[in-house]
Amino acid sequence: MSDVKISSDESEGIFNEFIQEQLDEIVDDIINRGDLDRFDDRGSDIIIEMDDIQPPTFIYGDNEGGRGSGGQGPGNEKGKLRFRVPFQAFMELLGQRLRLPNLVKEGDGRIKEFSYSFKTFGQVGVILDKRRTFKRALRSSIGTGVYNPAKGQLDVHVRRRDRRFKLPQREEKPRYKAVCFYMGDISYSTYGERLEMEKRLVNFIHQWLDFNYGAGNVEHRFFVHDMEAHEVSPSDFYKVSNAGGTRASVVFDLVSQIAFNEYETKSTNFYAFYFGDGEVFEDDAKKIIEILQTEMKASFNRVGIVEVKPSQFSYLNREIKREFEKDDIIRMGTLRQRTETIEVIKSLFGERRA
Amino acid sequence: MRSVYSDPELAELQNRVLHHAREFGRQIPEIRFFILDRLEFASLLEKDVYPTSPINIWEGKRMVHKKHAIETGLESALYYEVVQTGNPSYAYLNDSNNAVSQASVMAHVVGHCEFSERNVLGDSSPDRTEFVMYLVKRVDRARRQMGERAYLEYWNAAESATVLIAPNSQYDLERSTETESIFRGETSSTTDEMDRPEAPKPLLPVFDTMTTLLRGTVGSTSFEGELRKKRRDETMSRRGYILKSPCQDVLDFLRHYAPTSRAEHAILDYKYITKAPQDFVARTQIMNEGWAMYWEKKIMHALFEERAVKGIIDYARVFSNVCSPRPYFQRNPYHLGYNLWCHIEQLYRDGKVSLEYHEEVDRDKKNRWREDSDVEPVEALGHLVDTVTDYEFLRRFLTPELVHELHLNRVDRQTAERLGIKDGDIVEQDKRYVWLNPEPIKDEMLGFYTHFYRPRIYVIDSDYQDGCLLLYHRDDGHALRKDWIRPTLRNLNMIWKAPVALLTKDQLFAVMGNQYKSEEVKPVSFEQIIERMQKGERPFRGS
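Each chain carries its own residue numbering, running from 1 in the written order of its sequence. Chains carry letters and ligands carry numbers; both start at the beginning, A for chains and 1 for ligands, and go up in the order they are written. Thresholds applied to this predicted model are a pLDDT of at least 70 for local features of residues and 80 or more for the giving and counting of side-chain atom pairs; totals over whole chains, interfaces and linings are not thresholded and use all residues.

Draft legend 1. A look at the overall build of chain A. Scanning chain A from N- to C-terminus turns up 9 helices and 13 strands. Of all 354 residues assigned to chain A, the portion counted as buried reaches 31%. The contact rule is simple: place each C-beta atom from the backbone, and if two of them lie within 7 Å, those residues are in contact. Partitioning the intrachain contacts of chain A with sequence separation of at least 6 by distance along the chain shows that 76% fall at a separation of at least 24. Only runs of H or I of at least four residues qualify as helices and only runs of E of at least two qualify as strands under DSSP, and these elements are numbered from the N terminus. Burial is judged by counting the other C-beta atoms within 10 Å of a residue's own C-beta: 20 or more makes it buried, 12 or fewer makes it exposed, and any count in between marks it as partly exposed, with every C-beta position built from the backbone.

As structure tokens, this is what we get:
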């Protein structure tokens, strides 16, 4: 019996499968209800909480209500089961369920990331691999008869040629760079539910780009506009407001200029997303279309225009649709209510149907 | 997992420990020692101390939690001693322990193995571990036969019944049921009666009026007895058993009498065989751990004397930690058991376990009592191992003086405040602790052995309302957790494959197919149920 390896791997596998099913349900829930509130801490592990599972039995206890299930499902206790899902794994799962393709990365890796791995071993080096060295020493000690437990000889001689060292191997990975511009209209009433909806969407875009490019490789910049456009901090993006006239084309113009003047267009991946109520003047819409057509379409990977809670006077998307209805770069979305968040994400990042 | 013989130092230690155990006259079975790494150790504990177990989600869940706890430093991977008693016994050593710890674990295990072998509850069985490994193979085969989904459903259902095990209860399966074979045995054993010429039977027409009239003259017992016998014969031929008193060993009852396929039966067998020893542990933990500590110390002293191991100071520190006093409600079986065994040994040495000592009325004389006795103290201790369990052990030897001496009544001030202990109950105090009145403590400790802080559930009728399994919760002042009754009954229903009901206080809960109902009923006491069952009547007739 001494060769038996005691382990609970298979049982752990069953439990992990159960957790995976629960996770799928949570993701389905997110998809069905547009509930993206779990992305609070950017890039950090996602904390999933679910009812604890316990086999139900007759025990003493209070008589408060609760859920219980029998047979196939385990009973539930009031306690919660908390586990962490790595951000990458969660986003991968979400991407799969939403059928979002990975974003196209440009810049073909002129900027490289370097790292070292220790996958090879040699007779000379700095870091001694104790396990490999001992294995070789034991083998040669048995061979030379130095180690012979039957005779009570338990010495293991480590000779110079038994030594094995870990050798560093340089690995190069292309590092892509991306910048994302978020543009907001501060002249419309961004508060309450409208603000929450916008925040949730911005949050997802932020996470999705971080996931695709790596958190450190994406620069996120925020702009607001009324009659003029300004760059603001991420927190001010949701705070500043102004009641009055509006010209959205100024922010598109500003973003376009920044992209061309501050970044190397060949090696940078540009993304821009506009959020507003869509109530713009006719000449403003025309100007925006012109900027999109002549400047942004050629060098941006994606430009999204989202009308949040549009009114009957919303005009922007209608105009843009005429020009870019089946465009792969310029995408539009209309967010009337929270449950439409996922649909908007799909229209911004999903595969464009022919 | 590797044998202890793969480590020459440990193999030698094992030989010395077993040598001294035999020198001390210990009656030990074959003990096989194995060395495990820390994760193997954690896994072994989740498998009820058997090297293998069938796949199940609960073990997986506990193991995932445990691994996380070990990795994050919330839980230590060092376990003191882990042994599966039986003949042979299997003891497991943690490879990260030092030589003194390994020696003390081996010495400790000797005590457990002997206790299991000798104790009146007869815990030890031949080839227990091997048998469980065979059962695991049967369950694995069952899984393939049943299919993954059906297997998991049935396993989860059986999980609900695993706490309903009481093999050492006075209401165990053997005492509670009369099986066909026993019944036939009884009738065939009355050969003397058969040889005797049969007395003419009174004519007993079954009319209500006549029955009433005959009751006074012919004798009610013979008439009712005939009816009872007839009813019993019918039940026996239909079901193969009769429930003659409540059965507390519910899982054993189910594995014998629930309609099961071979695959399902394998699961119930595995669950019962692996969980049943826990009842022995609960009933003998103080004696058992105390006995193991007692012999561990003796063997360790011998090892230190012959310098087989070094580090007596470290060992003394560990020993005193393990045997540190805790209040009676947080029972430390190592401390209480060890000290009680030492105390009893001293009683025998002083000749105090005698009628003369008990009948002596002069207090001074009693205090100075030292008399040689014919009884060899260690043999007398062994006799106790052979004949009693914790309840009798405490009832006979734990006195209020000893409660105080062993600090079983000592509570730290913070806990005392939290528990709302009144000044009137305190007999002594200092800055850190208060000492409670020791008088009622013994009774409170003995109270544990009536219910083990678990609800007492019995099968009282297996044919209630046409095939329903009726369970009874014996009222001890606590209510059952209500939201778990339904899922538990559903799980038991899956095993019994017919309606299952639970009678608790004035409520009757029942699961019939997909239906669940609860209704108020007239409460029935446990005594009434026993009386009715003895009379051959239905224990509960419904609302």
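There's plenty left to go through after this.
Draft legend 2. Looking closely at the sheet that holds strand β7 (residues 410–412) of chain B. All names here are of chain B. Here 3 strands make up an open sheet; going across it, the order is β7-β9-β8 and the pairing antiparallel. With one partner strand each, in any of the chains shown, β7 and β8 (426–429) form the two edges of the open sheet. Recorded for the sheet is a direction-independent mean angle of 30° between the axes of neighbouring strands. Two elements, β7 and strand β9 (residues 433–436), share 3 bridges in a ladder whose sense is antiparallel. Bridged to Val-411 within β9 is Val-434. Between any two strands, pairing holds if DSSP finds at least two bridges. What counts as an axis is a line fitted to C-alpha atoms, over the stretch in contact for a helix, and the angles between N-to-C directions run from 0 to 180 degrees.

Draft legend 3. The pairing of β8(B), seen in detail. Residues and elements named next belong to chain B. Where β8 and β9 come together, 3 bridges link them in antiparallel fashion. Residue pairing for β9: Glu-428 is matched across the bridge by Trp-435. Between β8 and the antiparallel strand that follows it, β9, lie 3 residues.

Draft legend 4. Seen up close, the sheet that holds strand β2 (residues 31–36) of chain B. All names here are of chain B. Ordered by their spatial adjacency, 4 strands build an open sheet running β1-β2-β4-β3, and the pairing between neighbours is mixed. Looking along the sheet, the strands with just one partner apiece sit at the ends: β1 (2–3) and β3 (82–84). As judged from the 2 bridges shared by β1 and β2, these two strands associate in the antiparallel manner. Note on β2: the bridge partner recorded for Ser-3 is Phe-34. Docked against the sheet, helix α2 (residues 38–46) engages β2, β3 and β4 (89–94), running at close to 140° with respect to β4.

Draft legend 5. Highlighting the domain arrangement of chain A. Split into domains, chain A comes out as domain 1 (10–55 + 73–98), domain 2 (112–172) and domain 3 (176–349). For every domain, the bounds stem from an assignment made automatically or drawn from a database. Summarising the inter-unit geometry, the C-alpha centres of domain 2 of chain A and domain 3 of chain A are found 58 Å apart.

Draft legend 6. Representation of the nonpolar core within the structure. For the purposes of this analysis, a nonpolar core is taken to be any set of buried Ala, Val, Leu, Ile, Met, Phe, Trp, Tyr and Cys residues that are connected through C-beta atoms within 7 Å. Within the largest apolar cluster, 61 residues are counted, with the highest numbers of intra-cluster contacts made by Leu254(B), Leu471(B) and Ala501(B). The element best represented in this core is helix α6 (residues 148–161) of chain B, accounting for 7 residues. Excluding anything up to four places from it in sequence, Ala501(B) contacts Tyr464(B), Cys468(B), Leu470(B), Leu471(B), Leu508(B), Phe509(B) and Ala510(B). In this structure, Val250(A), Phe252(A), Val306(A) and Val308(A) belong to the second largest nonpolar core, which totals 59 residues.

Draft legend 7. Up close: the interface of chain A and chain B. On the side of chain B, 43 residues touch chain A, which itself brings 35 residues to the contact. No other element matches the 7 residues that helix α1 (residues 9–33) of chain A contributes to the side of chain A that touches chain B. Of the residues that constitute the side of chain A that touches chain B, the class distribution is 15 nonpolar, 16 polar and 4 charged. Nonpolar residues are Ala, Val, Leu, Ile, Met, Phe, Trp, Tyr, Cys and Pro. Charged residues are Asp, Glu, Lys and Arg, and all others, Gly as well, are polar.

Draft legend 8. Region of interest: the packing of helix α1 (residues 8–23) of chain B against helix α4 (residues 99–118) of chain B. Residue and element names in this part refer to chain B. As a packed pair, α1 and α4 sit with axes 10 Å apart at the nearest point and diverge in direction by 35°. The interaxial crossing formed by α1 with α4 has right-handed handedness. Residues Glu-9, Leu-10, Leu-13, Gln-14, Val-17 and Ala-21 of α1 lie in contact with α4, whose contacting residues are Ala-99, Gln-102, Ala-103, Met-106, Ala-107 and Val-110. Considered class by class, the residues forming the contact of α1 with α4 number 9 nonpolar, 2 polar and 1 charged. Rotating anticlockwise by less than a right angle from the far helix to the near helix defines a left-handed crossing, while the corresponding clockwise rotation defines a right-handed one.

Draft legend 9. Structural detail: the environment of His478(B). All names here are of chain B. Note on placement: His-478 falls in the loop between β11 (468–474) and α23 (485–496). Classification of His-478 as partly exposed rests on a count of 13 C-beta atoms within 10 Å. Counting along the chain gives 172 residues from His-478 to Glu-306, while the straight-line C-alpha distance between them is 56 Å.

Draft legend 10. Structural detail: the confidence of the model for chain B. Model confidence for chain B is summarised by a mean pLDDT of 88, while 90% of its residues fall at 70 or above. Note: pLDDT gives the predictor's confidence per residue, expressed from 0 to 100. Contacts of residues 183–210 of chain B to residues separated by more than four positions or lying in other chains number 8 contacts, the stretch itself having pLDDT below 50.

Draft legend 11. Inspection of helix α5 (residues 128–146) of chain B at higher detail. Residue and element names in this part refer to chain B. The span expected for a helix works out to 1.5 Å for each residue beyond the first. The end-to-end C-alpha distance of α5 is 26 Å, a good match for the 27 Å that 19 residues give at a rise of 1.5 Å each. Turning to α5, its buried residues are Arg-128, Thr-129, Val-132, Leu-135, Val-136, Val-139, Ala-142, Arg-143 and Met-146. One face of α5 carries all of its buried residues, which in axial projection span an arc of 120°. Across from the buried face of α5, at angles greater than 90 degrees, the exposed residues are Tyr-134, Lys-137 and Arg-144. Structurally, α5 contributes buried residues whose contacts are with β3, β4, α6 and α12 (262–275). The reported arc concerns the directions from the helix axis to the C-beta atoms and nothing else.

Draft legend 12. How the structure looks around the pairing of strand β13 (residues 507–512) of chain B. Residue and element names in this part refer to chain B. Judged from the 5 bridges that link them, strand β12 (residues 500–504) and β13 form a sheet pairing that is antiparallel. In the strand pairing of β13, Leu-503 is matched with Leu-508. Between the antiparallel neighbours β12 and β13 lie 2 residues, among them Lys-505 with a positive phi of about 50°. Where β13 and strand β14 (residues 515–520) come together, 6 bridges link them in antiparallel fashion. Opposite Phe-509, over in β14, you have Ser-518 as the bridge partner.

Draft legend 13. Broad picture of the environment of Ala266(B). All names here are of chain B. Note that Ala-266 resides in helix α12. By the C-beta count within 10 Å, which is 23 here, Ala-266 ends up buried. Sequence-wise, Ala-266 and Gly-311 are 45 residues apart; in three dimensions their C-alpha atoms are separated by 48 Å. Setting aside residues no more than four positions away along its own chain, Ala-266 makes contact with Leu-135, Arg-138, Val-139 and Ala-142.

Draft legend 14. Spotlight on α23(B). Residue and element names in this part refer to chain B. Along its 12 residues, α23 runs 16 Å from first to last C-alpha, staying within 8% of the 16 Å computed at 1.5 Å per residue. Summarising burial for α23: 12 of the 12 residues are buried, a large majority. Every buried residue of α23 is accounted for by Ile-485, Arg-486, Pro-487, Thr-488, Leu-489, Arg-490, Asn-491, Leu-492, Asn-493, Met-494, Ile-495 and Trp-496. Lys-497 sits one or two residues past α23 and shows a positive phi near 60°.

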